Amino acid sequence: MNRVPLERKVLSENERIAAELQARFEQHEVFCVNLISSPGSGKTSLLERTLQSFPRGPRVAVLTGDIQTENDAARLKRFGFPVKQITTGGTCHLDARMIERHLEDWNLANLDYLFIENVGNLVCPASYDLGEAAKIVVLSVTEGEDKPLKYPSIFFKSELMVLTKTDLLPYVPFNVDEAVANARRVHPEMEVVKVACLAGDGMREWMTWIEQRKQAFLAELPQPAGSR
Ligand SMILES: Nc1nc2c(ncn2[C@@H]2O[C@H](COP(=O)(O)OP(=O)(O)OP(=O)(O)O)[C@@H](O)[C@H]2O)c(=O)[nH]1
Ligand SMILES: [Mg+2]
């Protein structure tokens, strides 16, 4: 089999498993987001702040993907929520089968939020749905405001762009308005939140977005028979 049909087969198998995962998340009312960025943009730092910011009560879990090391899981486990590292061993993205496998011993009925940190890569993760309710692209101010134009697929598919490391704006030539305009050229409805995770700036806006998007996810779920 040549490369194109094989790739198509892999992607359609991924779509099948992702649809099953999506149905399970919906059935158990688990709001799942897939965080995607190039390496080092600040995904784990954002999740560290997020876990710190959650009030007591919500049931939150994280799956974090990397090619090697358990470093990110070790960072995130400190906050007392269930966290698993997915080590791909070379694959440059997470796929739905990996998520399915790592969820095997978690009871989805006990979760409200599932955060997935994808492998650092702006290209391949865009092609692999994981059953998430929303993709979120993370872009740091050190990467250049042209990235939405160079890597349009992930910006097209993401609902939200989180602009990170805004504390570095005084030191790098990065034009925020131009970055946002570029993202909206690719995806006119793109929402934007700006954060500086080391200082904690912008966390209220980020947590508000997550909460509102979760409410929208719940509102869109099919109503159980008899509740209408
Ligand atoms: N100045 C500054 N540095 C930050 C901020 N957020 C993260 N960093 C730094 O950026 C580096 C990478 O952050 P991570 O959170 O590990 O990035 P990541 O996207 O999870 O990286 P990978 O998982 O390897 O793709 C670390 O040295 C962080 O301390 C920020 O808001 N401001
Ligand atoms: Mg990370």
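As a reminder, the structure under discussion sits directly above these lines.
Residues numbered from 1 in each chain as written. Chains lettered and ligands numbered in written order. Predicted model: local features only at pLDDT ≥ 70, side-chain atom pairs only at ≥ 80, totals over all residues. Heavy atoms only, no water.

> Mind showing me how you'd approach the overall build of the protein here?
Counting secondary structure elements, the protein contains eight helices and seven strands. Taking 17 Å as the expected radius of gyration for a compact globule of 228 residues, we find that the protein reaches 17 Å, a close match to that expectation. Based on the C-alpha atoms only, the size of the protein along its principal axes is roughly 55 × 50 × 40 Å. The buried share among the 228 residues of the protein stands at 50%. Looking at the protein alone, contacts between residues at least 24 apart form 73% of all its contacts between residues at least 6 apart. On the protein, roughly 11300 Å² of surface is accessible, and the fraction owed to carbon and sulfur atoms is 50%. With 27 positive and 31 negative side-chain charges, the protein shows a separation of 2 Å between the mean positions of the two kinds. (Helix = DSSP H or I, 4+ residues; strand = E, 2+ residues; numbered from the N terminus. Rg over C-alpha atoms; globule rule 2.2 N^0.38 Å. Buried < 20%, exposed > 50% of the residue type's maximum accessible area, 1.4 Å probe, protein only. Contact = heavy atoms within 4.5 Å. Areas by Shrake-Rupley, 256 points an atom, 1.4 Å probe, with all protein chains shown as cover. Lys, Arg positive; Asp, Glu negative; His and termini not counted. Charge placed at Lys NZ, Arg CZ, Asp CG, Glu CD.)

> Would you explain the packing of aromatic side chains in this entry?
Between two aromatic rings, the relevant description is the distance of the centres plus the angle of the planes. All told, the structure shown has five aromatic pairs when counted by the stated rule. Ring centres of Phe54 and Tyr113 lie 4.8 Å apart, and the angle between their planes is 55°; on these two criteria the pair is classed as tilted. Here the residue Phe54 occupies a position in the loop between helix 2 (43–53) and strand 2 (60–66), and Tyr113 occupies one in strand 4 (residues 113–117), the gap between them amounting to 59 residues. Each of the two residues, Phe54 as well as Tyr113, counts as buried. Taking the centre distance of 6.3 Å and the plane angle of 5° together, the rings of Tyr113 and Phe115 count as stacked. Each member of the pair, Tyr113 as well as Phe115, carries the same accessibility label: buried. Within the aromatic cluster, the residues linked to one another by ring pairs are Phe31, Phe54, Tyr113, Phe115 and Phe217. In this arrangement the basic side chain of Lys84 is found over the ring face of Trp106, its NZ or CZ atom lying 4.9 Å from the centre. The ring of Tyr113 has Lys214 sitting right over it, with the charged end atom 5.0 Å from the ring centre. (Phe/Tyr/Trp six-rings, centres within 6.5 Å; stacked < 30°, edge-to-face > 60°. Lys NZ or Arg CZ within 6 Å of the ring centre and 35° of its normal.)

> When you look at the pairing of strand 1 (residues 31–36) in this model, what are you seeing that I'm missing?
Consecutive side chains along a regular strand alternate between the two faces of the sheet. Burial analysis of strand 1 places six of its six residues in the buried class, the great majority of the element. Here strand 1 shows a buried face lined by Phe31, Val33 and Leu35 and a second buried face lined by Cys32, Asn34 and Ile36. Strand direction decides the pairing type here: strand 1 and strand 5 (residues 134–140), joined by four bridges, are parallel. When the bridges of strand 5 are listed, Asn34 appears paired with Lys135. (Pairing = 2+ DSSP bridges.)

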